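Read off the chains here:
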Amino acid sequence: MTDLATLEAEIVSAVQASADLAGLDAVRVTVLGKSGSISALLKGLGSMGPDERREQGPLINGLRDRVQAALTERKTALEAAALDAQLAAERLDLTLPAPPRRRGSVHPTMQVMDEMTAIFAEMGFAVADGPDIEDDFHNFTALNFPPKHPARETHDTFFFSPNEAGERMLLRTHTSPVQIRTMVSQTPPIRIIAPGRTYRKDSDQTHTPMFHQVEGLVIDRNIHMGHLKWTLETFVGRFFETSDVVTRFRPHHFPFTEPSAELDVQCDRTGGELKVGQGSSWLEVLGCGMVHPNVIKNCGLDPDEWQGFAFGMGVDRLAMLKYGVPDLRDMFASDVRWLAHYGFSPFAAPSAAGGLS
Ligand code: DAH
């Protein structure tokens, strides 16, 4: 009896004293392992007479159960302590700056949009925007596209299912509807640019179903083609960062401008490289014109009092040309290697004072 109590006290203090799981397991083996002290006592029961066994059996089994319980309890405590230690060692301070393993970069389209915004902001243009999902009125009718006019078809429009009234919403095919929204909601004089996403059913090396445009609109009194020409030539020179850019206004047709033109800049394409401002080729940069009197009227303004000019250009295409991207579709493939190569540092935001590229 006394022996068992002594043994139990020894075992329990060894259990309490074990500092880690390995030490605790070593104690378990010396007690309950094949040749452990309690295992030996249990084995000894077999060689006892019935009376002695009846007396010793419960004592030894009780000892085994209490030791087992002490082992389990200590094990649980040691495991919890081990987990606490691991969590403390692996503690992550989320307020620390991320390690510079893969840096994010600014997409060339966004960089070029920022460049355009910086140039026009310096000339006193404000930034306006409108919804990507438009109605027929803002995308076509108010812009002087006659009903059933073939120009509507050339836009390869994505239409939504018609509503109960039979009207179909659409994904805007150009940023020109922002002209309408601005003229309707603001009183002239107006000087805005509208950068944004546009959509057409088209996909090849130079077309993607989603692309970006920057629209421009000036409405004031006594505005004429001279204002348009100066504004766009100044823009092109600053955008391509050359003072000797040669431009050409080529007559064109848009329903919302009259007269309409496309602006080309002289360039050199020899050796597969594009140089703006010299050479024997022409590069088409944008569409423009004097805002059609019907468009001004459709916005509730009097065309005898207010005139203006407008322009629109493809941002992705100009980004490709400026930064030498060969395939437009790569611009939207989200390939991180492409982005690492063509992307811009987020700290290199274009500004009139800080530089544009
Ligand atoms: N909306 C035309 C397009 O997507 C671009 C354009 C041309 C916009 C002439 C204009 C403009 O504002 O005056 O093809």
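Everything below is about the structure printed above this text.
What counts, and where the lines are drawn
- Residues numbered from 1 in each chain as written.
- Predicted model: local features only at pLDDT ≥ 70, side-chain atom pairs only at ≥ 80, totals over all residues.
- Heavy atoms only, no water.
- Helix = DSSP H or I, 4+ residues; strand = E, 2+ residues; numbered from the N terminus.
- Buried < 20%, exposed > 50% of the residue type's maximum accessible area, 1.4 Å probe, protein only.
- Contact = heavy atoms within 4.5 Å.
- Areas by Shrake-Rupley, 256 points an atom, 1.4 Å probe, with all protein chains shown as cover.
- Lys, Arg positive; Asp, Glu negative; His and termini not counted.
- Charge placed at Lys NZ, Arg CZ, Asp CG, Glu CD.
- Near = heavy atom within 4 Å.
- Polar contact = N/O pair within 3.5 Å; in protein donor to acceptor, adjacent residues only side chain to side chain.
- Nonpolar A, V, L, I, M, F, W, Y, C, P; charged D, E, K, R; others polar.
- Phe/Tyr/Trp six-rings, centres within 6.5 Å; stacked < 30°, edge-to-face > 60°.
- Lys NZ or Arg CZ within 6 Å of the ring centre and 35° of its normal.
- Salt bridge = Lys/Arg side-chain N within 4 Å of Asp/Glu carboxyl O.

Asks: Requested: an account of the overall build of the protein chain, with residues and values cited.
Replies: The number of helices and strands found in the protein chain is 12 helices and 10 strands. Principal-axis analysis of the C-alpha atoms places the extent of the protein chain at approximately 125 × 55 × 35 Å. The 357 residues of the protein chain split such that 39% are buried. In the protein chain, the share of contacts with a sequence separation of at least 24, taken over all contacts with a separation of at least 6, comes to 65%. As presented, the protein chain carries roughly 19,700 Å² of accessible surface, and 55% of it is formed by carbon and sulfur atoms. Taken together, the 34 basic and 46 acidic charged side chains of the protein chain have centroids lying 4 Å from each other.

Asks: Quick rundown of the site of the ligand? Include the residues and the values.
Replies: Not every one of the 15 residues close to the ligand is listed here, only the nearest: H174, S176, R200, Q213 and E215. Between the ligand and H174, the relevant distance is 2.9 Å, taken from a nitrogen atom to a side-chain nitrogen or oxygen of the residue. Here a nitrogen atom of the ligand sits 3.0 Å away from a polar atom, N or O, in the side chain of S176. Protein chains bury 91% of the 360 Å² of accessible surface belonging to the ligand in isolation. If you list the elements that add at least two residues to the shell around the ligand, you get β5 (210-220), β9 (281-291) and β10 (307-314). Split by residue class, the shell around the ligand holds five nonpolar, eight polar and two charged.

Asks: Lay out helix α11 (residues 315-323) with the relevant residues and their values.
Replies: Among all positions of α11, only V315, D316, L318, A319, M320 and K322 are buried. Among the structural elements, α5 (108-122), β5, α9 (225-239), β9 and β10 are those in contact with the buried residues of α11. Looking one or two places after α11, you find G324, whose phi comes out positive at around 65°.

Asks: Please set out the packing of aromatic side chains residue by residue, giving values where relevant.
Replies: One pass over the full model with this rule turns up 12 aromatic pairs. Pairing F120 with F311 gives two aromatic rings, centres 5.2 Å apart and planes at 25°, and the pair type is stacked. Highlighted residues: F120 in helix α5 and F311 in strand β10, separated in sequence by 191 residues. On the basis of relative accessibility, which here comes to 0%, the residue F120 falls in the buried class. Taking 4.9 Å as the distance between ring centres and 40° as the angle between the ring planes, the aromatic pair formed by W338 and Y342 counts as tilted. Here the residue W338 and the residue Y342 both occupy positions in helix α12 (residues 336-342), the gap between them amounting to four residues, near one helical turn. Accessibility classification places W338 together with Y342 in one group, the buried group. Just above the ring of F159 sits the side chain of R168; from NZ or CZ to the centre is 3.6 Å. The ring of F239 carries K322 above its face, with NZ or CZ at 4.3 Å from the centroid.

Asks: Can you lay out the pattern of salt bridges for me, pointing to particular residues and giving the numbers?
Replies: Tallied over the entire structure, the rule returns 17 salt bridges. Note that D327 is salt-bridged to R329, the shortest N-O span being 3.0 Å. For R329, a relative accessible area of 38% translates into the label partly exposed. Several salt bridges converge on common partners, so that one network encompasses R248, R250, E262 and D264.

Asks: Requested: an account of the environment of L263, with residues and values cited.
Replies: Relative to the helices and strands, L263 is located in strand β7 (residues 257-268). For the pair formed by L263 and E233, sequence separation is 30 residues and the distance between their alpha carbons is 9.1 Å. If near-sequence neighbours (up to four positions away) are discounted, L263 is found in contact with L232, V236, T247, R248, F249, L283, E284, V285 and L286.

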